[in-house]
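Read off the chains here:
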Amino acid sequence: GSLLQPESLLDVAAKRVAGSWAFERVEGRFQRIPEPVQRRIVYWSFPRSERQICMYSSFQPGRAAAAPGSA
């Protein structure tokens, strides 16, 4: 069988930060955040499941978007 790669320490830490703090708070609190670390925190900050995406956006499954100007 094939072996699975464990998550990198960077991804584990970025996931933990993204799950606990808004990225704006991270930027405001820490002076220097290396670019690769910023990218991974931002990546893990986005919702992963359709349920979470629906909860945090205007997307609603099963409903067509209303045309601009329609009532």
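Our structure's up above, just so we're on the same page.
Residues numbered from 1 in each chain as written. Predicted model: local features only at pLDDT ≥ 70, side-chain atom pairs only at ≥ 80, totals over all residues. Heavy atoms only, no water.

Caption draft 1: View of the side chain of Asp-11. By the secondary structure assignment, Asp-11 is in helix α1 (residues 9–20). Polar contacts involving the side chain of Asp-11 include one to the side chain of Trp-44, which spans 2.9 Å. Beyond its immediate stretch of four places on either side in the chain, Asp-11 contacts Arg-40 and Trp-44. (Helix = DSSP H or I, 4+ residues; strand = E, 2+ residues; numbered from the N terminus. Polar contact = N/O pair within 3.5 Å; in protein donor to acceptor, adjacent residues only side chain to side chain. Contact = heavy atoms within 4.5 Å.)

Caption draft 2: Highlighting the nonpolar core. In this structure, Ala-14, Ala-18, Phe-23, Val-26, Ile-33, Ile-41 and Trp-44 together form the largest nonpolar core, which totals seven residues. When residues of this core are traced back to their parent elements, those giving at least two are α1, α2 (23–29) and α3 (35–45). Excluding residues within four positions of it along the chain, Ala-14 makes contact with Arg-40, Ile-41 and Trp-44. (Core = buried A, V, L, I, M, F, W, Y, C linked by side-chain atoms within 4.5 Å. Buried < 20%, exposed > 50% of the residue type's maximum accessible area, 1.4 Å probe, protein only.)

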